[in-house]
Amino acid sequence: MQTTSDDVTEYVTVLIGGQLFGLPISRVQDVFMPDRLTRVPLSHPDIAGVLNLRGRIVTAIDMRIRLGIPREKDAKPAMAVGIESRGESYGLLIDSVGEVLKLSPDSREKNPINLDVRWARVSAGVHRLDGQLMVILDVDSVLAMGGEQLAA
Amino acid sequence: MDDLLREFLTETNESLDVVDVELVRFEQDPNNAAILGNIFRLVHTIKGTCGFLGLPRLEALAHAAETLMGKYRDGSPVTEQGVTMILQTIDRLKEILGDLEGAGAEPEGEDGDLISQLEEMSMAADTAPAAAPVAQKAPPPVAAPEPAVERTLRPGEVSLDELERAFRETEAEVAVAPLPEVAAPSVVPEAPKVEAKKPAARPAKAVAAGGDDEIEGVKGQQTLRVNVDTLEQLMTMVSELVLTRNQLLEIVRRHEDSEFKVPLQRLSNVTAELQDGVMKTRMQPIGNAWQKLPRIVRDLGNELGKQIDLDMHGAETELDRQVLDLIKDPLTHMVRNSADHGLEGTEQRRLAGKPEKGTIKLSAYHEGGHIVIAISDDGRGLNTDRIKKKILEQNLATEAELEKMTEAQIHKYIFAPGFSTAAAVTSVSGRGVGMDVVRTNIDQIGGTIDLKSVPGEGTTVTIKIPLTLAIVSALIVESAGDRFAVPQLSVIELVRAQQNSEHRIERIKDTPVLRLRNKLLPLVHLRQLLGIAGGEPLDETAGFIVVTQVGSQTFGIVVDQVFHTEEIVVKPMSSKLRHITMFSGTTILGDGSVIMIIDPNGIASAIGTDVSTEASEKEADSRRGNERQLISMLVFRAGSREQKAVPLSLVTRLEEVAVDKIEQAHGRHLVQYRGALMPLVSVSGFMELRSEGSQPLLVFSDSGRSMGLVVDEIVDIVEDALNIEVSADVPGLLGSAVIKGQATEILDIGHYLPLAFEDWFKRKEMRIEALTRKLLFVDDSPFFRNMLTPVLKAAGYDVVTAAGGSEGLDILKGGDRFDVVVSDIEMPEMNGFEFAEAMRSDKRFATTPVIALSSLTNPAAIERARVAGFHDYVAKFDRQGLIAALKETSNEIAQAA
């Protein structure tokens, strides 16, 4: 994650429900348009479905549901961020992708204690940017949900 | 490591494996010159090659072993010790080879021990009648440490070993004559040996030509060693090719007159053949997995003092190497088990009137797309009493439960983790790791395992596994607008049901059935089973029925559409989805979309309509009794199409309020209810209220506070056995269960209460701060722990939970003082009665009140509880009763104090 000597971390920024989030760039495999999502009956509500990304099967996680942000009427998730964990591919469904930011730890703060639990669970802190705040998404926490025990 | 050495290693390892097997055969049949000739030849080749490559340790060992075998070949009586010695030598050779493979050079070490023993035996063998050239046998010790001499032969000279090898490998007799002449001057003493070999080599060759195709096969066939990774890679590419082909077929299907049709047909055929061919390269005879067994059985027999015959049938049966690898260890383990536990000692067998020699029989054959492997022994059979005792000892089931089980059901416990009935732990088995691992491995590859045991006659374990895991033929179906793949293997036939036709779906109460050839076939609607909605509305009487067979169970899966069959490449499911038993994997279809592969096993166990013996056994397997108790559940829908349910006992009222009565304050929805404001909570977190009319609510009340859970519709109240598959970490959800054949989510009300009142739990604790009492709640079912903990907390208790009697005792002994203990009765390991008795026997907790919580409410159980020391006895779903009982005990304590 650390790219230069003074501990600057690069984040891929994404928008989910109007809020800016940042994912450590080292965890992001690719960004793609989710196409032909197949829903999986009986799966965890956060799982939007599975899709085929160049021959790989990707499990898509709807970040809006994961964060408890109501879906806008008929608004399909426009983009997905591809990540890998333990040899499996996941896609986080988001609204849009922004630029890559290099941020130093100076502007980073812990989660405010009154943060919504659903957010606090998947957030690794907050960066104070000019004019807005960027919530750092902890990729592993995002993926930590139902089915883990059974798989182990 | 150079190629030469690498090749030598592979070849030698293989030869040694053959020698292993052959030696065991030879020991049983010492007069078979063919076997001996074969062994001799192999060892000799090893020795020769070692000399050539400059591996003195290996060569010396091989030489010493060869010398002893030479004696046997010359007619000395074969002794067991002799064979054991040679086997040990083979082991040492393997060890050295292993190091060689790792380090690229022969490891340092001394083999004098083995060599001198081998020599001693050779000497001893010499005294036997047939030992002709006694004097010449002295040289071996000299020859052994002196491979260097042979290595430093001048150019053009050939070592004797090389010559011997050349001599044997050259089939022509002509070549033999001049060779000894060349060799003779350099190593005179050994010359007679060469002479002696001539007559012996011939019969060996004759046999090789006759029947020993193993040897002949290696030589005669053109084979090529291919790296396994290369094959795997090839397989992956073929999988991709199959997918692409499917994709093209899909496109052409849409265009009637396509010029691509013919070439594509050709491509399709070629792909199919290629796929076939590549699959074949992955196929290996199951005998490869058996190869080590004769040796293992022999060693075991010696160690245990038993005489064991290993009988193998169908070793040529082929299966995918991926599958083969996975069953190798389980097979070995089961054979060990048979030898160790199954077969009796010689004495016992004689007493039982059986032949002294026990037999372990291994057989394999194809059946449909499966391979069936049976391991049977003619031993004593499983000891049901001992298994029962063990089950009780390990608290896997209660005595009462055991009473109801059949022998076969009890036997199945040997597959439980950590289960071993061996009275003594031997070096062979009895460590209690094994049969559960066997079962796990078999389960993993979609196989089934079955056990039959007849006391005094033996045990048979039958394993049925799919031939390959990679590509399967599947039927593509549609249900509620989604497509699914059903593995063709389990599909028997397709039936189209229509109103007014011969085949139509009928109903018995709510259960759909189909008359099929004078039999009733239970049906299940896939969309209901999966809890999905969409597409065409459900037609009650029509649809396509996929008649499916799983084991002895036959049922029909009703779908909306049946498309075609397709060769699909099975891709494993994401770990996030693996808990869904209805699916076995995912696949990519020709059109590029991903679909789920239905697991007929999962569906069979979910509908459970046809209570076949298999199903009931499975149910008995599920260890917990109380999960099978009938529970009244309120089934409703909220937020999504999936059914949801809560135990009826937790719901205070069902209400409908007019939508315009719902108000908003501080971003929350509230409704005036019985003179107070009641907060409304939704299941999904987003409030989706009806726009008009009235809104159904489930009201949960406690101590004057109420919360309304917004639901879309109340479906039913059902009494059903609740078998929750607890899914982890899903907030607000305890898990899913199949209720009346439909997947249903079970809500965790404990999650919603604090959403309505953030201080729902805190409030009480504050109010009765001085009175806050610590309560220990012991229940093995996570469902009840989750369900009742909020209730108890709401009643003002500081609740600590324990998942079992022994855990409860540990917590008590941990030093925390508890004011009251609530315990379930039916628990594995330590049941509630034992738990209470254990508490009573400890002075520290003797006076702590204990309340029993049980679904057994007959007078006998209540009396038993009283004797065990329970203060009160409350039925499991009587929430009010529990609170009352708690209040009463605390009053008693207050009075006593």
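### What to know about the overall build of chain A
Alright, step 1. When helices and strands are tallied, chain A shows four helices and eleven strands.
Alright, step 2. When contacts within chain A are restricted to residue pairs at least 6 apart in sequence, those whose partners lie at least 24 apart make up 51%.

### Some remarks on the overall build of chain B
Alright, step 1. Along its length, chain B carries 31 helices and 35 strands.
Alright, step 2. Every one of the 897 residues in chain B was classed for burial, and the buried ones make up 38%.
Alright, step 3. Of the contacts formed within chain B by residues at least 6 apart in sequence, a portion of 66% connects residues at least 24 apart.

### A few points about the sheet that holds strand E7 (residues 458-466) of chain B
Residues and elements named next belong to chain B.
Alright, step 1. What the five strands build is an open sheet, ordered E2-E4-E5-E7-E6; its pairing is mixed. Among the strands making up the open sheet, the edge pair consists of strand E2 (308-313) and strand E6 (448-454). The sheet shows a mean angle of 10 degrees between the axes of neighbouring strands, direction not considered.
Alright, step 2. Against the sheet, helix H15 (residues 293-304) contacts E2 and strand E4 (358-367), and its axis sits at roughly 165 degrees relative to E2.

### Here's the deal with the environment of Ser76(B)
Alright, step 1. On the secondary structure map, Ser76(B) appears in the loop between helix H3 (56-73) and helix H4 (80-103).
Alright, step 2. Separated by 46 residues in sequence, Ser76(B) and Ser122(B) place their C-alpha atoms 9.3 Å apart.

### A short note on the packing of helix H1 (residues 3-28) of chain B against H4(B)
Residue and element names in this part refer to chain B.
Alright, step 1. As a packed pair, H1 and H4 sit with axes 11 Å apart at the nearest point and diverge in direction by 165 degrees. In terms of their interaxial angle, H1 and H4 are classed as roughly antiparallel. In the packing of H1 onto H4, the handedness of the crossing is left-handed. For the pair formed by H1 and H4, the contact residues are Leu-9, Thr-12, Asn-13, Leu-16, Val-19, Asp-20, Leu-23 and Glu-27 on the first element and Glu-80, Val-83, Ile-86, Leu-87, Ile-90, Leu-93, Lys-94, Leu-97, Leu-100 and Glu-101 on the second.
Alright, step 2. In the contact of H1 with H4, the residues fall into eleven nonpolar, two polar and five charged.

### Quick notes on helix H28 (residues 805-813) of chain B
Residue and element names in this part refer to chain B.
Alright, step 1. For H28, the complete set of buried residues consists of Gly-805, Gly-808, Leu-809 and Leu-812. For H28, the arc enclosing every buried residue in end-on projection is 100 degrees, short of the 170-degree limit, so these residues lie on one face.
Alright, step 2. In this structure, the buried residues of H28 make contact with strand E31 (773-778), strand E32 (797-802), strand E33 (820-824) and helix H29 (832-840).
Alright, step 3. Residue Gly-815 follows H28 closely and has a positive phi angle near 110 degrees.

### Examining the sheet that holds strand E10 (residues 123-128) of chain A
Residue and element names in this part refer to chain A.
Alright, step 1. Pairing within the open sheet is mixed, and its six strands lie in the order E8-E1-E2-E11-E10-E9. Two strands close off the open sheet at either side, each with one partner strand: strand E8 (96-103) and strand E9 (108-109).
Alright, step 2. Summarising the sheet, strand E1 (residues 9-16) and E8 pair through six bridges and their orientation is antiparallel. Looking at E8, one finds that Val-12 is bridged to Val-100.

### Details of unusual backbone geometry
Both trends apply: most residues other than glycine have a negative phi, and most peptide bonds are in trans.
Residues and elements named next belong to chain A.
Alright, step 1. We note that Arg-36 has phi near 50 degrees; this positive angle belongs to a residue other than glycine.
Alright, step 2. In this fold, Arg-36 is placed in the loop between strand E3 (28-32) and strand E4 (47-53).
Alright, step 3. On the basis of neighbour counts, which here come to 12 C-beta atoms within 10 Å, the residue Arg-36 falls in the exposed class.
Alright, step 4. The backbone of Leu-42 shows a phi angle near 70 degrees, a positive value even though the residue is not glycine.
Alright, step 5. Here Leu-42 lies in the loop between E3 and E4.
Alright, step 6. Judged by local crowding, Leu-42 falls into the buried class, with 21 C-beta atoms found within 10 Å.

### Considering the pairing of E1(A)
For a regular strand, side chains alternate in direction, first toward one face of the sheet and then toward the other.
Residues and elements named next belong to chain A.
Alright, step 1. Inspection of the sheet shows E1 paired to strand E2 (residues 19-24) by six bridges, in the antiparallel sense. Bridge pairing in E2 places Tyr-11 opposite Pro-24.
Alright, step 2. Once E1 ends, the chain turns through two residues before running back antiparallel as E2, passing Gly-17 with a positive phi of about 55 degrees.

### Comments concerning the nonpolar core
Alright, step 1. Ranked by size, the top nonpolar core spans 119 residues in total, and within it Leu92(A) and Leu709(B) carry the most contacts.
Alright, step 2. If we ignore the near neighbours within four places in the chain, the residues touching Leu92(A) are Ile61(A), Met63(A), Ala80(A), Val81(A), Ile83(A) and Val142(A).

### Quick look at the confidence of the model for chain A
Residue and element names in this part refer to chain A.
Alright, step 1. Looking at chain A, pLDDT values average 83 and 88% of them are 70 or higher.
Alright, step 2. By mean pLDDT, the top-scoring element of chain A is E2 (92), and the lowest-scoring one is helix H4 (residues 148-151) (34).
Alright, step 3. Scored below 50 in pLDDT, residues 1-5 makes seven contacts in the model with residues more than four places away or belonging to other chains.
Alright, step 4. Contacts from residues 146-152, a stretch scored under 50 in pLDDT, to residues over four places away or in other chains number 20 contacts.

### Section: the pairing of strand E29 (residues 733-739) of chain B
Residues and elements named next belong to chain B.
Alright, step 1. Extensive coverage of E29 is indicated by the burial of seven of its seven residues.
Alright, step 2. Note that E29 and strand E30 (residues 742-747) share six bridges and pair antiparallel. Residue Val-738 lies in a different strand from E30, and its bridge partner there is Ala-743.
Alright, step 3. Following E29, the chain reverses through two residues before pairing antiparallel with E30; Lys-740 in that reversal takes a positive phi of roughly 50 degrees.

### Here we look at helix H23 (residues 600-607) of chain B
Alright, step 1. Listed as buried for H23(B) are Pro600(B), Ile603(B), Ala604(B), Ala606(B) and Ile607(B). One face of H23(B) carries all of its buried residues, which in axial projection span an arc of 165 degrees.

### Remarks on the confidence of the model for chain B
All names here are of chain B.
Alright, step 1. With 76% of its residues at a pLDDT of 70 or more, chain B has an overall mean of 74.
Alright, step 2. Across residues 170-219, where pLDDT falls below 50, the model places 44 contacts with residues more than four positions away in sequence or in other chains.
Alright, step 3. Predicted confidence for residues 423-433 stays below pLDDT 50, and this span has 21 contacts to residues more than four positions away or in other chains.
Alright, step 4. The ipTM, which scores confidence in the relative placement of chains, is 0.85 for this predicted complex, and the corresponding pTM is 0.45.

### Here's the deal with the packing of H1(B) against helix H2 (residues 33-53) of chain B
Residue and element names in this part refer to chain B.
Alright, step 1. Here H1 crosses H2 at 155 degrees, and the two axes come no closer than 9 Å. Judged by the angle between their axes, H1 and H2 are roughly antiparallel. Judged by the sense of rotation from one axis to the other, the crossing of H1 with H2 is left-handed. Seen from H1, the contacting residues are Leu-5, Phe-8, Thr-12, Ser-15, Val-18, Val-19, Glu-22, Leu-23, Arg-25 and Phe-26; seen from H2, they are Ile-35, Leu-36, Asn-38, Ile-39, Leu-42, Val-43, Thr-45, Ile-46, Thr-49 and Leu-53.

### Section: the environment of Ile471(B)
All names here are of chain B.
Alright, step 1. For Ile-471, the location among the structural elements is in strand E8 (residues 471-479).
Alright, step 2. Sequence separation between Ile-471 and Val-569 is 98 residues, and the spatial gap between their C-alpha atoms is 4.5 Å.
Alright, step 3. Setting aside anything within four residues of it in sequence, one finds Ile-471 in contact with Ser-239, Val-242, Gln-275, Glu-567 and Val-569.

### Observations regarding the environment of Gly805(B)
Residue and element names in this part refer to chain B.
Alright, step 1. Position of Gly-805 relative to the elements: it lies in helix H28.
Alright, step 2. Through-space distance from the C-alpha of Gly-805 to that of Met-827 is 7.6 Å; in sequence the pair is 22 residues apart.
Alright, step 3. Once residues within four sequence positions are removed from consideration, Gly-805 is found in contact with Val-778, Met-827, Glu-829, Met-830, Asn-831, Gly-832, Glu-834 and Phe-835.

Criteria and thresholds
- Residues numbered from 1 in each chain as written.
- Chains lettered and ligands numbered in written order.
- Predicted model: local features only at pLDDT ≥ 70, side-chain atom pairs only at ≥ 80, totals over all residues.
- Helix = DSSP H or I, 4+ residues; strand = E, 2+ residues; numbered from the N terminus.
- Contact = placed C-beta atoms within 7 Å.
- Buried ≥ 20, exposed ≤ 12 C-beta atoms within 10 Å, placed from the backbone.
- Pairing = 2+ DSSP bridges.
- Axes fitted to C-alpha atoms, helices over the stretch in contact; angles between N-to-C directions.
- Parallel < 35°, antiparallel > 145°, perpendicular 65-115°, else oblique.
- Left-handed = near helix turned anticlockwise from the far one by under 90°.
- Nonpolar A, V, L, I, M, F, W, Y, C, P; charged D, E, K, R; others polar.
- Arc of directions from axis to C-beta.
- Core = buried A, V, L, I, M, F, W, Y, C linked by C-beta atoms within 7 Å.
- pLDDT = per-residue confidence, 0-100.

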